[in-house]
Amino acid sequence: MNFEAMKSIYVSEMARTRRTVFQSVISPVISTVLYFVVFGAAIGSRISEINGVSYGAFIVPGLIMLSLMTQSLSNASFGIYFPRFTGTIFEVLSAPVSFLEITIAYVGAAATKSIIVGLIILITASFFVPLEIQHPVWMVTFFVLTAVTFALFGFIIGIWADNFEKLQFVPLLIVTPLAFLGGTFYSITMLPEFWQKVTLINPVVYLISGFRWSFYGQADVNLWYSLLATLIFLGGSLAIVHWIFRTGYRLKP
Amino acid sequence: MAPILSVRDLEKTYDDGFKALKSMSLDIEEGEVFALLGPNGAGKTTLISTICGLVRPTSGSITVAGHDAITEFRAARRLIGLVPQEMPTAPFEIVGDTVALSRGLFGLAPDGELIERLLKDLTLWEKRNNPIMALSGGMKRRLLVAKALSHEPKILFLDEPTAGVDVELRHDMWRIVDELKQRGVTIILTTHYIEEAEEMADRVGVINKGELVLVDQKDELMRKLGRKLLKLHLTEPLSAVPESLSKHNLTLENEGASLTYVYDSQAERTGITTLLTELSAAGVGFHDLQTDQSSLEDIFVDLVKKG
């Protein structure tokens, strides 16, 4: 393994985050924290508790998941798309670095960034709403798995996209709606029965449910289904990345 | 001595069916400067990209100092530095950092001294803390050279190093190549400026439509194909070459105002003396004369036209 190369890519990606700290850290934190302020402090008191958890606290795991997913996606997709766009990717591709090492470095950096954002949101949330984490090990597991999985997914999008439009398409038009409809702001048990069933085809439901269970011990779906859904997503992304590197898709003609 | 780079029957057909390389074989000796000449789209960049691992070969093999470029890609690529044709740079990255990144990609521990020396050699040291976008075009070109040299490669590829740069920078580039050559770095450059190949190269390869049309020592090439022209500016314009001079290889130009004589400068007898004697016998006077040696450019245009 070329550890020096992985370190170099990782360090330079993290340096990019530092240069763009407003865009890549502060802005997602602020936009998420606004939800706590509005729903937690301002109107949360008028919304009834959900299974004994105040509404402000209830939405925290969902919101963290939302930003973890969108941040991982956009960090990773941009991280690999931009060097393709500027052409600097040639340097990585002509260096003695294997595809596995390239993936680990880029995906690792993207996941790190979104984990940092997620942690800041979690800490900030604790100032506004009463939080408890009943199952910290599970919480960390879902946290890291989701960050890595969506960073991998973003990496795929960044290789697939051949313009900025496509780059934005998946995070904004697919993941965000799925997260909003996947129980970020409500328990799916609050939906009419028909819509409850429909919602179950939304993969994000499983991620949010598992993550919320690690906080408050209450879930919309079985915990193991949540874990399974995450692992299936992770495995699928890994398979696609493997295929990309085997065929040189969009990287090596 | 075994060649430092050996390309055997290399072929590349792109997905759209375009055959960029057709069974190309080429050996590069350690320490030489090799110029790859060819028109746009001839396959120069594809050849370089395939050797450097940016393009997957359809068939054939590449060995770098005995290491197969695919199965032993790490060992092979460590020896190679590449300065690409376009100037791809990350606009917001810091000059010093980006050179350190390049070195790291090759698996080498950071070496501040080396980077300082490189940046000083390439007169970029003052700019080490600036973002790349603050550099001029010439500086960016030099930065790419610094990046390519950051892992001290034994082979350096320069893909059109002086395309679209001013005269000063071009001479700068030539100086850099010369210094690297003194240090024993093997250099392979592509260009369509013949002047550049004449100035820098030890050997020249002409590539056209995916095939190597010719590979030869530059001097040899110029000797072999070199013709000389003698141009006589006549005192009185002629309407036709006089009958008595027709055995000479003469052409009338400028509406009869000048006569051009083509001869082989390597031949034992150039025929100039005879020509001049016969000219005065025929009563053709001239007030000035000049000679011209055909350049690599003429040779090149000839070859590509034939191809």
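These numbers come from a predicted model, not from an experiment.

**Student:** Just checking my understanding: could you explain the overall build of chain A for this structure?
**Tutor:** What chain A contains, in helices and strands, is ten helices and zero strands. In chain A, the succession of α and β elements from N to C terminus is α-α-α-α-α-α-α-α-α-α. For chain A, whose C-alpha radius of gyration is 19 Å, the value lies close to the compact-globule estimate of 18 Å for 253 residues. Each of the three principal axes of chain A carries a C-alpha extent, and together these read 60 × 35 × 35 Å. The buried share of chain A, taken over its 253 residues, is 45%. A separation of at least 24 residues holds for 80% of the contacts in chain A among residues at least 6 apart in sequence.

**Student:** Hey, could you run me through the pairing of strand 3 (residues 33-37) of chain B in this one?
**Tutor:** For a regular strand, side-chain orientation follows a simple rule: the groups alternate between the two sheet faces. All names here are of chain B. Within strand 3, five of the five residues are buried, which leaves the element mostly enclosed by the surrounding structure. Of the two faces of strand 3, both are covered, the one formed by Val33, Ala35 and Leu37 as well as the one formed by Phe34 and Leu36. In this sheet, strand 9 (residues 203-208) lies alongside strand 3 in parallel orientation, the contact comprising four bridges. Considered in strand 9, the bridge of Leu36 is made with Gly205.

**Student:** For this particular structure, what's the right way to read the packing of helix 3 (residues 55-86) of chain A against helix 5 (residues 99-128) of chain A?
**Tutor:** The relative placement of two packed helices comes down to the angle between their axes together with the axis-to-axis distance. Residues and elements named next belong to chain A. At their nearest, the axes of helix 3 and helix 5 sit 8 Å apart, and the two run at 155° to each other. Relative to helix 5, helix 3 is oriented roughly antiparallel. In this structure, helix 3 crosses over helix 5, and the sense of that crossing is right-handed. Residues belonging to the contact of helix 3 with helix 5 are distributed by class as follows: 16 nonpolar, eight polar and one charged.

**Student:** What exactly am I supposed to notice about the sheet that holds strand 6 (residues 80-83) of chain B here?
**Tutor:** As a general point, the strands of a sheet are linked pairwise by backbone hydrogen bonds and lie either parallel or antiparallel. Residues and elements named next belong to chain B. Here six strands make up an open sheet; going across it, the order is 6-7-8-3-9-10 and the pairing mixed. Two strands close off the open sheet at either side, each with one partner strand: strand 6 and strand 10 (211-217). Here the average twist between neighbouring strands, direction ignored, is 15°. Bridge count between strand 9 and strand 10: six bridges; the pairing is antiparallel. In the strand pairing of strand 10, Gly205 is matched with Val215. Helix-sheet contacts for helix 1 (residues 44-52) involve strand 3, strand 6, strand 7 (155-159), strand 8 (186-191) and strand 9, and the interaxial angle to strand 7 is about 150°. Along the sheet, helix 5 (residues 137-149) makes contact with strand 6 and strand 7, crossing strand 6 at roughly 165°.

**Student:** Looking at this structure, I do not really get the domain arrangement of chain B. What am I missing?
**Tutor:** Residues and elements named next belong to chain B. Partitioning chain B into domains gives domain 1 (5-223) and domain 2 (227-306). Its C-alpha centre places domain 1 at a distance of 42 Å from the equivalent point of domain 2. Listed as interface residues are 13 residues of domain 1 and, on the opposing side, eight residues of domain 2. Every element with two or more residues in the side of domain 1 that touches domain 2 is listed here: helix 7 (194-200), strand 9, strand 10 and helix 8 (218-225). In the side of domain 1 that touches domain 2, the residues fall into ten nonpolar, one polar and two charged.

**Student:** What am I meant to see in the nonpolar core here?
**Tutor:** Soluble globular proteins tend to pack their nonpolar side chains together in the buried interior. In terms of nonpolar packing, the biggest core is built from 132 residues, with Met65, Tyr106, Val107, Ala151 and Phe155 of chain A together with Ala35 and Phe157 of chain B touching the most fellow members. Ranked by residues supplied to this core, first place goes to helix 3 of chain A with 15 residues. The contact partners of Phe155 of chain A, leaving out residues within four places of it in the chain, are Ala76, Ser77, Ile80, Thr103, Tyr106, Val107 and Val241 of chain A.

**Student:** Would you explain the interface of chain A and chain B in this entry?
**Tutor:** Think of interface size as the accessible area that goes away when the parts come together; that is how it is often given. Tallying the contact residues gives 23 residues for chain A and 28 residues for chain B. Breaking the side of chain A that touches chain B down by element, the ones donating at least two residues are helix 1 (3-19), helix 3 and helix 4 (89-93) of chain A. The leading source of residues in the side of chain A that touches chain B is helix 1 of chain A, at seven residues. Residue composition of the side of chain A that touches chain B, grouped by class: ten nonpolar, eight polar and five charged.

**Student:** Even after reading the chapter, I still don't get the packing of helix 6 (residues 136-160) of chain A against helix 10 (residues 223-247) of chain A, so can you show me in this structure?
**Tutor:** All names here are of chain A. Where helix 6 meets helix 10, the axes come as close as 9 Å, and the angle between the chain directions of the two elements is 30°. For the element pair helix 6 / helix 10, the angle class is roughly parallel. Helix-helix and strand crossings are classified by hand; for helix 6 and helix 10 the assignment is left-handed. Within the contact between the two elements, helix 6 uses Phe142, Leu145, Thr146, Val148, Thr149, Leu152, Phe153, Phe155, Ile156 and Ile159 and helix 10 uses Thr230, Phe233, Leu234, Ser237, Leu238, Ile240, Val241 and Ile244.

**Student:** How should I be thinking about the confidence of the model for chain A in this particular structure?
**Tutor:** Should pLDDT be low for a region, the predicted coordinates there are not to be read in detail. Counting all residues, the mean pLDDT for chain A is 90, and 100% of those residues have values of 70 or more. The secondary structure element of chain A with the lowest average pLDDT is helix 2 (residues 21-42) of chain A, at 85, and the one with the highest is helix 6 of chain A, at 95.

**Student:** In this structure, what is going on with helix 9 (residues 272-281) of chain B? I would like to understand it.
**Tutor:** At 3.6 residues per turn, the α-helix brings residues three or four places apart onto the same side. Helix 9 of chain B sits mainly on the outside: one of its ten residues count as buried. Taken from the residues just after helix 9 of chain B, Gly283 of chain B is the one with a positive phi, measuring 75°.

**Student:** What is the right way to look at the sheet that holds strand 13 (residues 258-263) of chain B in this model?
**Tutor:** All names here are of chain B. The strand order 12-13-11-14 describes an open sheet built from four strands, whose pairing is antiparallel. Two strands lie at the open edges of the sheet, namely strand 12 (250-253) and strand 14 (286-293), each paired on one side alone. When strand polarity is set aside, the average angle formed by the axes of neighbouring strands in this sheet is 20°. In this structure, strand 12 lies alongside strand 13, joined through four bridges in antiparallel fashion. Its bridge partner being in strand 13, Thr251 is matched across the sheet by Thr260.

Scoring rules and cut-offs
Residues numbered from 1 in each chain as written. Chains lettered and ligands numbered in written order. Predicted model: local features only at pLDDT ≥ 70, side-chain atom pairs only at ≥ 80, totals over all residues. Helix = DSSP H or I, 4+ residues; strand = E, 2+ residues; numbered from the N terminus. Rg over C-alpha atoms; globule rule 2.2 N^0.38 Å. Buried ≥ 20, exposed ≤ 12 C-beta atoms within 10 Å, placed from the backbone. Contact = placed C-beta atoms within 7 Å. Pairing = 2+ DSSP bridges. Axes fitted to C-alpha atoms, helices over the stretch in contact; angles between N-to-C directions. Parallel < 35°, antiparallel > 145°, perpendicular 65-115°, else oblique. Left-handed = near helix turned anticlockwise from the far one by under 90°. Nonpolar A, V, L, I, M, F, W, Y, C, P; charged D, E, K, R; others polar. Domains from an automatic or database assignment. Core = buried A, V, L, I, M, F, W, Y, C linked by C-beta atoms within 7 Å. pLDDT = per-residue confidence, 0-100.

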